[in-house]
Amino acid sequence: MPSKPDPDRLPHPGRTSAERRALDRIGCGEPPACSQKTLRNQLDTGLIVDVGTETRRDALGAYKIPKFAMPIPVHMAWCSAVAATDEEMAAFEAELEGL
């Protein structure tokens, strides 16, 4: 059962849960899947940048999806915050060996 996240290790403290979920998705290269207000807040604070659009096609034709990315310093901070600690990795590896 996952434990409650340590508040000291949350990426970008002070952000709402919707903003953190969007940052997690953007940090992993996925669309943010959030409201325009959440996107605007993150764009205004510089946590993300608009990098244009991606054109996709399906049975109904072509459509564009807005693309966002994190500036390098923000992405580095996000990676550090979400990375597993040595203790967490040791516990995970021990769990894998037990399977």
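In this report, we go over the structure that sits alongside the text. (Residues numbered from 1 in each chain as written. Predicted model: local features only at pLDDT ≥ 70, side-chain atom pairs only at ≥ 80, totals over all residues. Heavy atoms only, no water.)

1. Topic: the pattern of salt bridges
Keep this limit in mind: Throughout this description, the term salt bridge denotes a Lys or Arg side-chain nitrogen within 4 Å of a carboxyl oxygen of Asp or Glu. Any residue under 20% of the maximum accessible area for its type is buried, any over 50% is exposed, and the rest in between are partly exposed; the area is computed with a 1.4 Å probe on protein chains only. By the criteria applied, helices consist of DSSP H or I runs no shorter than four residues and strands consist of E runs no shorter than two, each listed in order from the N terminus.
With the rule as written, the count across this model stands at five salt bridges. Two residues, Glu30 and Arg25, come together in a salt bridge whose shortest N-O distance is 3.2 Å. Residue Arg25 is classed as partly exposed on the basis of its relative accessible area of 30%. For the salt bridge of Lys67 with Glu54, the shortest nitrogen-to-oxygen distance reads 3.6 Å. Pair noted here: Lys67 is in strand β2 (residues 61-69) and Glu54 is in strand β1 (residues 49-58), with a separation of 13 residues, a long-range link. Looking at Glu54, the relative accessible area reads 27%, which means it is partly exposed.

Everything listed here is a matter of geometry and, on its own, says nothing about what the molecule does.
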